[in-house]
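These are the residues of each chain, in order.
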Amino acid sequence: MNSIEHFIEIGIALSSEKDHGILLEKIIKSAMELSNADGGTIYSISEQGELVFETIINKTLSLHLGGTTTNKINFPPIPILKYGEVNNSALVAIAAHTGKIINIDDVYQCLDYDLSAAKAMDKKTGYKTQSVLTLPMKNHQGDLNGVIQLINAINPTNAKGEIVPFNKETEKLTHALSSLAGVIITNKQLIDEMENLFTAFSQLIASAIDKKSPYTGGHCRRVPLITMMLAKACNEIDYGPLDKFVMNKEDFHELGVAAWLHDCGKVATPEYVMDKAKKLETVFDRIELVNARFEIAARDLYYSKKYAEKQKALLLKDLEADRDFICHANKGGEFFDDDKTQRVYQIAKKYQVTIKGVKQDILNSDEIYNLITKRGTLNDKERRVINGHMDVTVEMLESMPFPKHLKRVPEYACGHHEKMDGTGYPKGLKRDEMSIPARIMGIADVFEALTANDRPYKDPKPLSETLTIMGRMKLGDHLDPDLFDVFIEKEVYLEFARQHLEASQMDDFDITQIPGCEGNKA
Ligand SMILES: [Fe+2]
Ligand SMILES: [Fe+2]
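Residues numbered from 1 in each chain as written. Chains lettered and ligands numbered in written order. Predicted model: local features only at pLDDT ≥ 70, side-chain atom pairs only at ≥ 80, totals over all residues. Heavy atoms only, no water.

*Asks:* How should I be thinking about the pairing of strand β2 (residues 50-58) in this particular structure?
*Replies:* Regular strands place side chains that alternate from one sheet face to the opposite one. In this sheet, β2 lies alongside strand β1 (residues 37-45) in antiparallel orientation, the contact comprising seven bridges. Within the sheet, the bridge partner assigned to Tyr43 lies in β2 and is Phe53. Turn length for the β1-β2 hairpin, with the two strands adjacent in sequence and antiparallel, is four residues, and the turn residue Gly49 shows positive phi of about 75°. Relative to strand β4 (residues 78-79), β2 is paired through two bridges, and the arrangement is antiparallel. Residue pairing in the sheet places Glu50 in a bridge with Pro79 of β4. (Pairing = 2+ DSSP bridges. Helix = DSSP H or I, 4+ residues; strand = E, 2+ residues; numbered from the N terminus.)

*Asks:* What is the right way to read the coordination of the iron ion (ligand 1) from this model?
*Replies:* Ideal donor angles around a metal are set by the shape: a four-donor tetrahedron calls for 109.5 degrees, a six-donor octahedron for 90 or 180 degrees. At this site the iron ion (ligand 1) is bound by Asp263 (OD), His389 (NE2), His416 (NE2) and His417 (NE2), with donor distances of 2.1 to 2.3 Å. Around the iron ion (ligand 1) sit four donor atoms; with metal-centred angles ranging over 82 to 172°, the donor geometry is irregular. Here the donor residues of the iron ion (ligand 1) share one chain and are spaced in sequence as D-x125-H-x26-H-H. Separating the iron ion (ligand 1) and the iron ion (ligand 2) is a distance of 3.3 Å, and Asp263 donates to both of them. Within this pair, whereas Asp263 is found in the loop between α7 (249-261) and α8 (271-274), its partner His416 is found in the loop between α14 (409-414) and α15 (436-451), the two being separated by 153 residues in sequence. Comparing Asp263 with His416, the two get one shared label, buried. (Donors = N, O, S within 2.8 Å, 3.2 Å for Na, K, Ca; no water. Tetrahedral: all angles 85-135°; square planar, octahedral: opposite > 155°, others 65-115°. Buried < 20%, exposed > 50% of the residue type's maximum accessible area, 1.4 Å probe, protein only.)

*Asks:* How should the layout of surface pockets be read in this particular structure?
*Replies:* Any empty space left between atoms is shown by rolling a water-sized probe over those atoms. Put simply, the second largest pocket is a space of about 910 Å³. As for the second largest pocket, its lining consists of 34 residues, and the residues nearest its centre are Tyr43, Phe53, Ala118, Met121 and Gln149. Listing elements by their share of the lining of the second largest pocket, those giving two or more residues are β1, β2, β4, α3 (91-98), α4 (116-125) and β9 (144-154). Residue contributions to the lining of the second largest pocket peak at six residues, all from α4. Of the residues contributing to the lining of the second largest pocket, the split by class is 21 nonpolar, nine polar and four charged. (1 Å grid on protein atoms, 1.4 Å probe; cavity = no way out; pocket = protein on both sides within 12 Å on 5 of 7 lines; lining within 4 Å. Points joined across faces, edges and corners; volume = space filled by probe spheres on them. Nonpolar A, V, L, I, M, F, W, Y, C, P; charged D, E, K, R; others polar.)

*Asks:* Looking at this structure, how should I read the side chain of Glu254?
*Replies:* Secondary-structure assignment places Glu254 in helix α7. Not counting residues within four places of it along the chain, the set of residues in contact with Glu254 comprises His405, Leu406, Lys407, Arg408, Val409 and Tyr412. (Contact = heavy atoms within 4.5 Å.)

*Asks:* Help me understand the pattern of salt bridges, please; the structure alone is not making it clear to me.
*Replies:* Any two side chains of opposite charge can pair, so long as their charged atoms come close to each other. If you walk through the whole model with that rule in mind, you get 27 salt bridges. Here Arg431 ties to Asp482 by a salt bridge, and the two come within 2.9 Å at their closest N and O atoms. Residue Arg431 is found in the loop between α14 and α15, and its partner Asp482 is found in helix α17 (residues 481-489); the two are separated by 51 residues along the sequence. Assessed through its relative accessible area of 23%, Asp482 is described here as partly exposed. One continuous salt-bridge network, built from bridges that share partners, spans Asp318, Asp322, Arg343 and Lys350. (Salt bridge = Lys/Arg side-chain N within 4 Å of Asp/Glu carboxyl O.)

*Asks:* Could you clarify how one ought to interpret the side chain of Thr186 in this entry?
*Replies:* Among the structural elements, Thr186 can be located in helix α5 (residues 168-212). Once residues within four sequence positions are removed from consideration, Thr186 is found in contact with Asn139, His140 and Asn145.

*Asks:* Explanation requested: the nonpolar core in the structure shown.
*Replies:* Considering soluble globular proteins, one finds that nonpolar side chains tend to be buried as a cluster. Ranked by size, the top nonpolar core spans 59 residues in total, and within it Leu261, Phe447, Leu467, Met470, Phe487 and Tyr493 carry the most contacts. Filtering out sequence-adjacent residues up to four positions away, Met470 remains in contact with Ile443, Val446, Phe447, Leu450, Leu479, Phe484 and Phe487. Ranked by size, the runner-up nonpolar core spans 26 residues in total, among them Leu14, Ala153, Leu173 and Ile185. (Core = buried A, V, L, I, M, F, W, Y, C linked by side-chain atoms within 4.5 Å.)

*Asks:* Can you help me understand α3 in this one?
*Replies:* Because each turn of an α-helix spans 3.6 residues, side chains separated by three or four positions end up pointing in the same direction. Within α3, six of the eight residues are buried, which leaves the element mostly enclosed by the surrounding structure. Following α3 by one or two positions, Gly99 adopts a phi angle in the positive range, close to 75°.

*Asks:* Would you take a moment to explain the environment of Lys100 for this structure?
*Replies:* Mapping Lys100 onto the fold places it in the loop between α3 and β7 (102-104). Classification of Lys100 as exposed rests on a relative accessible area of 57%. Taking C-alpha positions, Lys100 is 50 Å from Ala413, a pair spaced 313 residues apart along the chain. Ignoring any residue separated from it by four or fewer positions in sequence, one finds Lys100 in contact with Ala95, Thr134 and Pro136.

*Asks:* What's the story with the coordination of the iron ion (ligand 2) in this structure? I'm lost.
*Replies:* Taken together, His219 (NE2), His262 (NE2), Asp263 (OD) and Asp445 (OD) make up the full set of protein donors to the iron ion (ligand 2), lying 2.0 to 2.3 Å away. Coordination at the iron ion (ligand 2) is irregular: its four donor atoms span angles of 83 to 174° at the metal. Taken in chain order, the donor set of the iron ion (ligand 2) reads H-x42-H-D-x181-D.

That is the geometry; function is a separate question.
Below is the structure:
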């Protein structure tokens, strides 16, 4: 192989390496190969402007420290400047500072530099440093990325391994290599910085929702945790339907970004709907208005000449009971059955109040509509507004020019309200139309919502009740059955619960008694 072919091969190998430490080790190894050097050290630059030892190799001493090895380097970083002046006691610092190559034929003959450190090291190791080539690694913009130092060039034509100076040809080749390395490192840094920026940006959106509404904000932060735990369990499992399912580092990263963004459309959901704590709440809780009307009705009754005292007392007692019922109904939460709904209508008809001479109903039609909400606090219209967060999420994410390695983010993020039987939203997708990670997010989203202990409209559910609801969702073809099985079998729920739920939620139960979990070992 000629030098150019060799060089191209090195270039390809270097640019395909994603791990920074391994990349630097490959660079120093390539430089040693090109220059036929006996030893080499590669340094990176710390934020404090120091040269950090990354990999040290010395063939004669059979030494290989740092990089891919488990041998840690204990040498402290070398400062490029000392008291504002260049650190003249280290060649690497001088090369870093001046940006120039330093080529020394013989350390023990050279008078141009302070080489006492190298000589002291020789005394310690018994090695003899002779020729030294020090090259700064600079990128296309001239920024320093690190330093390469090569020790003792070996004469390839001499069988005895004679040490010779690094010749001009070698200097040129290694210089080209260090420039190539500098550009590759910069590219990688730029990619990493963009990646970090985007990840931080995704988290920023989640925390914006957090700021907007503390009730869903914790959700945006916790769903990624559960998603990752379940994805990890699915990746590790080596039997059953998920036996073949694997995820690499990049896949996890992609799923993580999706999880952080999964409810990003909530930035457009009005707060009064998102945080609706009571059935009569709009921007404020209208129960106060209703209460005032009851107050007036009681006063009217009290002063009424229509009834005898005894009858009046009974009617007032009745009114108080009706008012308590309405106050209780306002809380939402439990199932509001037909009898209760009928009672709301009856109460609405039963009382009229006179305010400023005008007769009014004690409950207006919008209040009735909200009070008869069957479950929770959101009426149908508001439920549609909340569900609309997915239309916005889809719109937002599908308009983003995601790069190849994040292409699946919209699919992963937008599927968490879909149901396996196709009755979910926003797209009504069926199980086989969704990827496994998208289905994982569905489980994470439900589990978080049920166990959340920071929602004003509901008490945190204990694990037994949460898993019972989820088990029924599995049997009802809402949640993916295989993924739910991993969730239970690998105790992902427990791992999360131990770290994030209140002790009161960690109740005692027999997992085999939970619907959909009968197959599990107790
Ligand atoms: Fe959602
Ligand atoms: Fe969600």
